[in-house]
Amino acid sequence: MSVAKKEYKRITVKSLVEMKQNGEKISMLTAYDYTMAKIVDEAGIDVILVGDSASNVMAGHETTLPITLDQMIYHASSVIRAVQRALVVVDLPFGSYQSDPKEALRSAIRIMKESGGHAVKLEGGKEIKESIKRILHAGIPVMGHLGLTPQSIYKFGTYTVRAKEEQEAKKLKEDALMLEKAGCFAIVLEKIPAQLAKEVAESVSIPVIGIGAGNGVDGQVLVLHDMLGMTHEFNPRFLRRYMNLYEEMTSAISQYVDDVKTLDFPNDNEQY
Ligand code: KIV
(Lines give C-alpha, C1' and ligand atoms only; values in the text may rest on other atoms or scores of the structure.)
Protein backbone atom coordinates (compact mmCIF):
# COMPACT_ATOMS: atom_id res chain seq x y z
CA MET A 1 0.00 0.00 0.00
CA SER A 2 1.41 3.42 -0.90
CA VAL A 3 1.66 5.90 1.96
CA ALA A 4 2.01 9.66 2.14
CA LYS A 5 5.55 10.37 3.36
CA LYS A 6 7.26 13.73 3.46
CA GLU A 7 11.05 13.87 4.00
CA TYR A 8 11.96 15.52 7.29
CA LYS A 9 15.58 16.39 8.19
CA ARG A 10 14.65 16.73 11.83
CA ILE A 11 11.36 15.79 13.46
CA THR A 12 9.76 18.43 15.67
CA VAL A 13 6.47 18.53 17.51
CA LYS A 14 5.15 20.56 14.57
CA SER A 15 6.17 17.82 12.10
CA LEU A 16 4.03 15.33 14.02
CA VAL A 17 0.93 17.51 13.82
CA GLU A 18 1.64 18.00 10.11
CA MET A 19 1.92 14.22 9.65
CA LYS A 20 -1.52 13.78 11.19
CA GLN A 21 -2.93 16.46 8.90
CA ASN A 22 -1.35 14.75 5.87
CA GLY A 23 -2.48 11.27 6.89
CA GLU A 24 1.11 10.05 7.37
CA LYS A 25 1.35 7.57 10.26
CA ILE A 26 3.88 8.29 13.01
CA SER A 27 6.42 5.63 14.02
CA MET A 28 7.69 5.59 17.59
CA LEU A 29 9.92 3.16 19.53
CA THR A 30 11.60 3.24 22.90
CA ALA A 31 15.37 3.43 23.40
CA TYR A 32 17.39 3.84 26.55
CA ASP A 33 21.05 3.85 25.47
CA TYR A 34 23.41 5.35 22.89
CA THR A 35 24.04 2.28 20.71
CA MET A 36 20.41 1.26 20.29
CA ALA A 37 19.24 4.86 19.84
CA LYS A 38 21.76 5.34 17.02
CA ILE A 39 20.41 2.27 15.19
CA VAL A 40 16.78 3.28 15.75
CA ASP A 41 17.41 6.86 14.59
CA GLU A 42 19.38 5.80 11.50
CA ALA A 43 16.59 3.35 10.58
CA GLY A 44 14.28 6.36 10.22
CA ILE A 45 12.03 6.34 13.28
CA ASP A 46 10.04 9.53 13.86
CA VAL A 47 9.93 9.57 17.66
CA ILE A 48 12.18 7.92 20.25
CA LEU A 49 10.62 7.51 23.66
CA VAL A 50 13.00 7.24 26.59
CA GLY A 51 10.30 5.39 28.46
CA ASP A 52 10.19 4.61 32.14
CA SER A 53 9.86 1.03 30.84
CA ALA A 54 13.66 1.28 31.28
CA SER A 55 12.78 0.28 34.84
CA ASN A 56 11.67 -3.14 33.51
CA VAL A 57 13.82 -3.55 30.42
CA MET A 58 17.12 -2.08 31.61
CA ALA A 59 16.99 -2.60 35.37
CA GLY A 60 14.85 -5.74 35.70
CA HIS A 61 12.24 -4.26 38.05
CA GLU A 62 8.74 -5.73 38.01
CA THR A 63 7.10 -2.31 37.57
CA THR A 64 8.00 1.16 36.29
CA LEU A 65 7.71 2.67 39.78
CA PRO A 66 11.30 2.34 41.08
CA ILE A 67 13.12 4.26 38.32
CA THR A 68 14.34 7.68 39.50
CA LEU A 69 14.56 11.06 37.82
CA ASP A 70 18.38 10.86 37.88
CA GLN A 71 18.26 7.46 36.16
CA MET A 72 15.84 8.77 33.49
CA ILE A 73 18.20 11.70 32.87
CA TYR A 74 21.13 9.29 32.49
CA HIS A 75 19.22 7.18 29.91
CA ALA A 76 17.91 10.23 28.05
CA SER A 77 21.31 11.92 27.80
CA SER A 78 22.79 8.70 26.34
CA VAL A 79 19.99 8.60 23.75
CA ILE A 80 20.32 12.29 22.88
CA ARG A 81 24.04 11.88 22.06
CA ALA A 82 23.10 9.35 19.37
CA VAL A 83 20.15 11.05 17.70
CA GLN A 84 20.30 13.25 14.59
CA ARG A 85 16.73 13.15 13.29
CA ALA A 86 14.10 11.76 15.65
CA LEU A 87 12.14 13.73 18.24
CA VAL A 88 13.22 12.47 21.68
CA VAL A 89 10.46 12.34 24.31
CA VAL A 90 11.38 11.51 27.92
CA ASP A 91 9.05 10.03 30.53
CA LEU A 92 8.70 11.86 33.82
CA PRO A 93 9.07 8.96 36.28
CA PHE A 94 6.68 8.04 39.08
CA GLY A 95 7.04 10.40 42.04
CA SER A 96 8.58 13.25 40.06
CA TYR A 97 5.35 15.12 39.17
CA GLN A 98 2.34 13.81 41.11
CA SER A 99 2.62 15.84 44.30
CA ASP A 100 2.28 19.38 42.91
CA PRO A 101 2.71 21.46 39.73
CA LYS A 102 5.89 23.15 41.00
CA GLU A 103 7.57 19.81 41.54
CA ALA A 104 6.37 18.68 38.10
CA LEU A 105 7.90 21.77 36.50
CA ARG A 106 11.18 21.33 38.40
CA SER A 107 11.41 17.69 37.20
CA ALA A 108 10.61 18.60 33.59
CA ILE A 109 13.21 21.39 33.65
CA ARG A 110 15.85 18.98 34.98
CA ILE A 111 15.09 16.57 32.12
CA MET A 112 15.34 19.31 29.48
CA LYS A 113 18.51 20.92 30.93
CA GLU A 114 20.44 17.83 32.00
CA SER A 115 19.56 15.37 29.22
CA GLY A 116 18.86 17.63 26.24
CA GLY A 117 15.56 15.80 25.58
CA HIS A 118 13.04 17.55 23.33
CA ALA A 119 9.77 16.90 25.22
CA VAL A 120 8.37 15.12 28.26
CA LYS A 121 5.57 12.58 28.71
CA LEU A 122 3.30 12.33 31.77
CA GLU A 123 0.70 9.70 32.62
CA GLY A 124 -2.82 10.80 33.53
CA GLY A 125 -5.74 13.11 32.79
CA LYS A 126 -7.52 15.78 34.73
CA GLU A 127 -5.77 14.86 38.02
CA ILE A 128 -2.51 16.30 36.64
CA LYS A 129 -3.98 19.11 34.52
CA GLU A 130 -2.33 21.92 36.53
CA SER A 131 1.09 20.23 36.32
CA ILE A 132 0.76 19.84 32.56
CA LYS A 133 -0.20 23.51 32.18
CA ARG A 134 2.72 24.65 34.33
CA ILE A 135 5.21 22.65 32.26
CA LEU A 136 3.70 23.91 29.01
CA HIS A 137 3.90 27.52 30.27
CA ALA A 138 7.65 27.06 30.65
CA GLY A 139 7.85 26.23 26.93
CA ILE A 140 8.36 22.49 27.38
CA PRO A 141 6.36 20.31 24.97
CA VAL A 142 4.19 17.70 26.68
CA MET A 143 2.92 14.34 25.43
CA GLY A 144 -0.02 12.90 27.38
CA HIS A 145 -0.56 9.21 28.19
CA LEU A 146 -4.01 7.71 28.86
CA GLY A 147 -5.60 4.26 29.08
CA LEU A 148 -3.33 1.74 30.76
CA THR A 149 -0.94 3.94 32.73
CA PRO A 150 1.65 1.57 34.25
CA GLN A 151 2.66 4.01 37.01
CA SER A 152 -0.82 3.36 38.51
CA ILE A 153 -0.53 -0.43 38.35
CA TYR A 154 -1.25 -0.86 42.05
CA LYS A 155 -4.50 1.11 41.64
CA PHE A 156 -5.61 -0.99 38.63
CA GLY A 157 -4.30 -4.30 40.01
CA THR A 158 -3.64 -5.79 36.54
CA TYR A 159 -2.24 -4.90 33.11
CA THR A 160 -5.50 -5.85 31.32
CA VAL A 161 -7.29 -3.74 28.69
CA ARG A 162 -8.60 -0.44 30.09
CA ALA A 163 -11.72 1.64 29.38
CA LYS A 164 -13.95 -1.28 28.34
CA GLU A 165 -16.72 0.09 30.56
CA GLU A 166 -18.77 3.11 29.49
CA GLN A 167 -17.80 5.28 32.47
CA GLU A 168 -14.05 4.83 32.06
CA ALA A 169 -14.32 5.29 28.28
CA LYS A 170 -16.20 8.57 28.84
CA LYS A 171 -13.53 9.86 31.25
CA LEU A 172 -10.79 8.89 28.79
CA LYS A 173 -12.48 10.86 25.98
CA GLU A 174 -12.86 13.89 28.27
CA ASP A 175 -9.22 13.62 29.36
CA ALA A 176 -8.05 13.49 25.74
CA LEU A 177 -9.97 16.68 24.94
CA MET A 178 -8.54 18.32 28.07
CA LEU A 179 -4.96 17.36 27.06
CA GLU A 180 -5.51 18.85 23.60
CA LYS A 181 -7.02 22.04 25.05
CA ALA A 182 -4.21 22.41 27.58
CA GLY A 183 -1.71 22.39 24.70
CA CYS A 184 -0.19 18.87 24.62
CA PHE A 185 1.34 18.08 21.22
CA ALA A 186 0.36 14.38 21.20
CA ILE A 187 -1.24 11.65 23.30
CA VAL A 188 -0.26 8.01 23.83
CA LEU A 189 -3.20 5.62 24.28
CA GLU A 190 -2.21 2.32 25.84
CA LYS A 191 -4.18 -0.92 25.75
CA ILE A 192 -7.75 0.24 25.13
CA PRO A 193 -10.39 -1.00 22.66
CA ALA A 194 -9.53 -0.12 19.04
CA GLN A 195 -12.92 1.51 18.40
CA LEU A 196 -12.54 3.85 21.38
CA ALA A 197 -8.98 4.78 20.32
CA LYS A 198 -10.22 5.56 16.80
CA GLU A 199 -12.97 7.80 18.17
CA VAL A 200 -10.45 9.67 20.34
CA ALA A 201 -8.04 10.12 17.41
CA GLU A 202 -10.89 11.52 15.30
CA SER A 203 -12.00 13.89 18.05
CA VAL A 204 -8.69 15.72 18.53
CA SER A 205 -6.42 17.59 16.12
CA ILE A 206 -3.19 16.45 17.82
CA PRO A 207 -1.64 13.06 16.98
CA VAL A 208 -2.75 10.01 18.95
CA ILE A 209 -0.14 7.27 19.15
CA GLY A 210 -1.30 3.81 20.18
CA ILE A 211 0.17 0.76 21.87
CA GLY A 212 -2.41 -2.00 21.92
CA ALA A 213 -4.97 0.54 20.69
CA GLY A 214 -5.63 -0.70 17.14
CA ASN A 215 -4.96 0.91 13.78
CA GLY A 216 -7.47 3.75 13.81
CA VAL A 217 -4.94 6.05 15.50
CA ASP A 218 -2.25 8.35 14.05
CA GLY A 219 0.80 6.28 14.90
CA GLN A 220 2.18 3.29 16.79
CA VAL A 221 4.70 2.79 19.58
CA LEU A 222 6.33 -0.40 20.84
CA VAL A 223 9.03 -1.19 23.35
CA LEU A 224 12.18 -1.80 21.29
CA HIS A 225 13.40 -4.86 23.20
CA ASP A 226 9.97 -6.51 22.82
CA MET A 227 9.62 -5.91 19.07
CA LEU A 228 13.17 -7.16 18.47
CA GLY A 229 12.37 -10.32 20.42
CA MET A 230 15.08 -9.75 23.03
CA THR A 231 12.49 -10.30 25.74
CA HIS A 232 10.43 -13.45 25.52
CA GLU A 233 8.31 -13.76 28.66
CA PHE A 234 6.04 -10.83 27.70
CA ASN A 235 3.47 -11.84 25.06
CA PRO A 236 0.51 -9.45 24.81
CA ARG A 237 -1.71 -9.78 21.74
CA PHE A 238 -0.70 -6.35 20.42
CA LEU A 239 3.01 -7.16 20.27
CA ARG A 240 4.47 -8.00 16.85
CA ARG A 241 7.97 -9.45 17.09
CA TYR A 242 10.08 -8.49 14.08
CA MET A 243 13.03 -10.67 15.12
CA ASN A 244 13.91 -13.36 17.60
CA LEU A 245 17.05 -11.71 18.94
CA TYR A 246 16.83 -13.69 22.17
CA GLU A 247 17.52 -16.88 20.22
CA GLU A 248 20.06 -15.31 17.88
CA MET A 249 22.00 -13.73 20.73
CA THR A 250 22.03 -16.79 22.97
CA SER A 251 23.20 -18.91 20.05
CA ALA A 252 26.02 -16.44 19.17
CA ILE A 253 27.13 -16.20 22.80
CA SER A 254 27.13 -19.97 23.34
CA GLN A 255 29.16 -20.33 20.12
CA TYR A 256 31.70 -17.85 21.58
CA VAL A 257 31.81 -19.81 24.86
CA ASP A 258 32.56 -23.02 22.90
CA ASP A 259 35.20 -21.28 20.77
CA VAL A 260 37.00 -19.97 23.86
CA LYS A 261 36.87 -23.34 25.64
CA THR A 262 38.11 -25.27 22.58
CA LEU A 263 40.88 -22.74 21.77
CA ASP A 264 39.22 -22.01 18.41
CA PHE A 265 39.15 -18.29 19.35
CA PRO A 266 41.37 -16.39 18.84
CA ASN A 267 42.96 -17.94 15.74
CA ASP A 268 46.28 -16.92 14.13
CA ASN A 269 44.65 -13.99 12.29
CA GLU A 270 43.00 -12.66 15.42
CA GLN A 271 46.15 -11.95 17.41
CA TYR A 272 49.27 -9.73 17.24
O1 KIV B 1 7.58 3.60 29.12
C2 KIV B 1 7.16 3.21 28.02
O3 KIV B 1 7.81 2.42 27.31
C4 KIV B 1 5.87 3.72 27.55
C5 KIV B 1 5.30 3.11 26.30
C6 KIV B 1 4.77 1.77 26.58
C7 KIV B 1 4.31 3.99 25.66
O8 KIV B 1 5.30 4.57 28.16
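Residues numbered from 1 in each chain as written. Predicted model: local features only at pLDDT ≥ 70, side-chain atom pairs only at ≥ 80, totals over all residues. Heavy atoms only, no water.

Enquirer: Mind showing me how you'd approach the packing of helix α2 (residues 34-42) against helix α4 (residues 69-82) here?
Expert: What describes two packed helices is the angle between their axes and the distance between those same axes. Between α2 and α4, whose axes approach to 8 Å, the crossing angle comes to 45°. The pairing of α2 with α4 is recorded here as oblique in orientation. Of the two possible hands of crossing, α2 and α4 adopt the one that is right-handed. Residue-level inspection shows Tyr34, Ala37, Lys38 and Asp41 of α2 in contact with α4, the latter providing Ser78, Val79, Arg81 and Ala82. Considered class by class, the residues forming the contact of α2 with α4 number four nonpolar, one polar and three charged. (Axes fitted to C-alpha atoms, helices over the stretch in contact; angles between N-to-C directions. Helix = DSSP H or I, 4+ residues; strand = E, 2+ residues; numbered from the N terminus. Parallel < 35°, antiparallel > 145°, perpendicular 65-115°, else oblique. Left-handed = near helix turned anticlockwise from the far one by under 90°. Contact = heavy atoms within 4.5 Å. Nonpolar A, V, L, I, M, F, W, Y, C, P; charged D, E, K, R; others polar.)

Enquirer: Looking at this structure, how should I read the pairing of strand β2 (residues 47-50)?
Expert: Sheet faces and side chains relate simply in a regular strand, where the side chains alternate between the two faces. Burial along β2 is two-sided: Val47 and Leu49 facing one way and Ile48 and Val50 facing the other are all buried. Relative to β2, strand β1 (residues 26-30) runs parallel, the two being bridged by three bridges. Directly across from Met28, in β2, lies its bridge partner Val47. The parallel pair β1 and β2, bridged by α2, forms a crossover whose chirality is right-handed. (Buried < 20%, exposed > 50% of the residue type's maximum accessible area, 1.4 Å probe, protein only. Pairing = 2+ DSSP bridges. Right-handed = clockwise from strand over helix to strand, strands pointing away.)

Enquirer: How do you make sense of the domain arrangement of the protein chain when you look at a structure like this?
Expert: Where interface size is given, it is often the accessible area lost as the parts come together that is meant. Along its sequence, the protein chain is carved into domain 1 (13-241) and domain 2 (244-272). Contact with domain 1, which involves four residues of that partner, is made by four residues of domain 2. Carbon and sulfur atoms make up 67% of the surface buried where domain 1 meets domain 2, a total of about 380 Å² over both sides. Looking at the side of domain 1 facing domain 2, the largest losses of area belong to Leu228, Met230 and His232, adding up to 80% of the total buried there. At the boundary of domain 1 and domain 2, one finds three residue pairs in polar contact (both at pLDDT 80 or more). Tallied by class, residues from the side of domain 1 that touches domain 2 come to two nonpolar, two polar and no charged. (Domains from an automatic or database assignment. Buried area = accessible area lost by both parts, 1.4 Å probe. Polar contact = N/O pair within 3.5 Å; in protein donor to acceptor, adjacent residues only side chain to side chain.)

Enquirer: Which parts of the structure should I look at to understand the pattern of salt bridges?
Expert: Opposite charge on two side chains makes pairing possible when the charged atoms of those side chains draw close. All chains considered together, the criterion is met by 13 salt bridges. With a closest N to O distance of 2.9 Å, Lys20 and Asp218 form a salt bridge. One end of the pair, Lys20, is in helix α1 (residues 13-22); the other, Asp218, is in the loop between β7 (208-211) and β8 (219-222), with 198 residues separating them in the sequence. The residue Asp46 makes a salt bridge to Arg85 at a minimum N-O spacing of 3.5 Å. Placement of Asp46 in the loop between α2 and β2 and of Arg85 in the loop between α4 and β3 (87-91) is noted, with a sequence separation of 39 residues between them. For the pair Asp46 and Arg85, one class covers both residues: buried. Taken together, the shared-partner salt bridges connect Asp70, Arg110 and Glu114 into one network. (Salt bridge = Lys/Arg side-chain N within 4 Å of Asp/Glu carboxyl O.)

Enquirer: Looking at this structure, how should I read the side chain of Thr63?
Expert: With respect to the helices and strands, Thr63 occurs in the loop between α3 (54-57) and α4. Thr63 sits in the buried class, given a relative accessible area of 8%. Within the structure, the side chain of Thr63 is placed 3.2 Å from the backbone nitrogen of Leu65, a separation counted as a polar contact. Ignoring anything within four residues of it in the chain, the contact list for Thr63 reads Ser55, Asn56, Ile153, Tyr154 and Tyr159.

Enquirer: Looking at this model, I keep getting lost on the packing of aromatic side chains. Mind explaining?
Expert: Each aromatic ring pair is summarised here by two numbers: the centre-to-centre distance and the angle between the ring planes. Following the criterion strictly, the structure yields one aromatic pair and no others. The ring centre of Phe156 lies 3.7 Å from the NZ or CZ of Arg162, which sits over that ring. (Phe/Tyr/Trp six-rings, centres within 6.5 Å; stacked < 30°, edge-to-face > 60°. Lys NZ or Arg CZ within 6 Å of the ring centre and 35° of its normal.)

Enquirer: Would you explain the environment of Met230 in this entry?
Expert: Structurally, Met230 can be placed in the loop between α10 (224-227) and α11 (245-261). Residue classification places Met230 among the partly exposed residues on the basis of a relative accessible area of 22%. Through-space distance from the C-alpha of Met230 to that of Asn244 is 6.6 Å; in sequence the pair is 14 residues apart.

Enquirer: I'm lost on the pairing of β7 in this one. Help?
Expert: Here β7 shows no split at all, with Val208 and Gly210 on one side and Ile209 and Ile211 on the other all buried. As judged from the four bridges shared by strand β6 (residues 186-190) and β7, these two strands associate in the parallel manner. When the bridges of β7 are listed, Ile187 appears paired with Val208. Taking the sense of rotation as the criterion, the β-α-β connection linking β6, helix α9 (residues 194-203) and β7 turns out right-handed.

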